[in-house]
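Listed here are the chains, written in short residue letters.
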Amino acid sequence: MRMNVKVQGLNEVMRDFSLKGIQAQNKADKVTETYTRKMANVAADNAPVDKGDLRANLLASPRRLKSATWEFGGTLAYTRRQEYEHKTKKGFIRKAVWANRNDYRMKLREELARWK
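Residues numbered from 1 in each chain as written. Predicted model: local features only at pLDDT ≥ 70, side-chain atom pairs only at ≥ 80, totals over all residues. Heavy atoms only, no water.

Undergrad: Would you take a moment to explain unusual backbone geometry for this structure?
TA: Backbone phi values are negative for most residues with the exception of glycine, while trans is the configuration of most peptide bonds. Look at Ala68: it is not a glycine, yet its phi comes out positive at around 60°. On the accessibility criterion, Ala68 (9% relative accessible area) is buried. (Buried < 20%, exposed > 50% of the residue type's maximum accessible area, 1.4 Å probe, protein only.)

Undergrad: Where do I start with the side chain of Ser61 in this structure?
TA: Within the secondary structure layout, Ser61 lies in the loop between helix 3 (53-59) and strand 1 (63-66). Reaching out from Ser61, the side chain makes a polar contact with the backbone nitrogen of Gly73 at a distance of 3.0 Å. Not counting chain neighbours up to four residues away, the residues in contact with Ser61 comprise Glu71, Phe72 and Gly73. (Helix = DSSP H or I, 4+ residues; strand = E, 2+ residues; numbered from the N terminus. Polar contact = N/O pair within 3.5 Å; in protein donor to acceptor, adjacent residues only side chain to side chain. Contact = heavy atoms within 4.5 Å.)

Undergrad: What am I meant to see in the environment of Glu83 here?
TA: Within the secondary structure layout, Glu83 lies in helix 4 (residues 79-85). Judged by relative accessible area, which is 0%, Glu83 ranks as buried. Separated by 10 residues in the primary sequence, Glu83 and Ile93 have C-alpha atoms spaced 6.9 Å apart.

Undergrad: Just to check I follow, could you spell out the packing of helix 2 (residues 19-46) against helix 5 (residues 92-113) for this structure?
TA: The axes of two packed helices give the description: the angle between them and the distance between them. For the pair helix 2 and helix 5, interaxial distance at closest approach is 9 Å and the crossing angle is 160°. One finds that helix 2 runs roughly antiparallel with respect to helix 5. Taken as a pair, helix 2 and helix 5 cross one another with a handedness that is right-handed. The segment helix 2 lies against helix 5, with Ala24, Lys27, Ala28, Val31, Thr32, Tyr35, Lys38, Met39, Val42, Ala43 and Asn46 engaging Phe92, Ile93, Ala96, Val97, Asn100, Arg101, Asp103, Tyr104, Lys107, Leu108, Glu111 and Leu112. Partitioned by chemical class, the residues of the contact of helix 2 with helix 5 number 14 nonpolar, 3 polar and 6 charged. (Axes fitted to C-alpha atoms, helices over the stretch in contact; angles between N-to-C directions. Parallel < 35°, antiparallel > 145°, perpendicular 65-115°, else oblique. Left-handed = near helix turned anticlockwise from the far one by under 90°. Nonpolar A, V, L, I, M, F, W, Y, C, P; charged D, E, K, R; others polar.)

Undergrad: Can you help me understand the nonpolar core in this one?
TA: Generally speaking, a soluble globular protein has its nonpolar side chains buried in company with each other. Counting residues in hydrophobic clusters, the biggest one holds 20 residues, and the most contacted among them are Ala43, Leu58, Phe72 and Phe92. Where this core is concerned, the elements lending two or more residues are helix 2, helix 3 and helix 5. If one sorts the elements of this core by residue count, helix 2 sits on top with 8 residues. Contact partners of Phe92, with chain neighbours within four places excluded, come to Ala43, Asn46, Ala47, Pro48, Leu54, Leu58, Thr79, Gln82 and Glu83. (Core = buried A, V, L, I, M, F, W, Y, C linked by side-chain atoms within 4.5 Å.)

Written out as structure tokens, the structure reads:
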């Protein structure tokens, strides 16, 4: 399951190979990591608990794909079923992303504005 949060203007910053651009890329990566881990924590807190495997799997899932690109999500076979198909329709991953996406965008814009 993949969910994307898009931020306009990030591509231009990522293409800038000057010292200023590299510093901005590093800051964007750090902000993205912080919010990915935060979203994973919120999703884990809201995940249904039977034995705690799903919660632990979500907490351990954040990983860096490339600079300023991080992902998280459950790797257990029933993660998707719990997210989308379970009768409670909790949407714990989607709700975690939705609840943090505006804060993430604003923090990223704020940090990148310092490097312009």
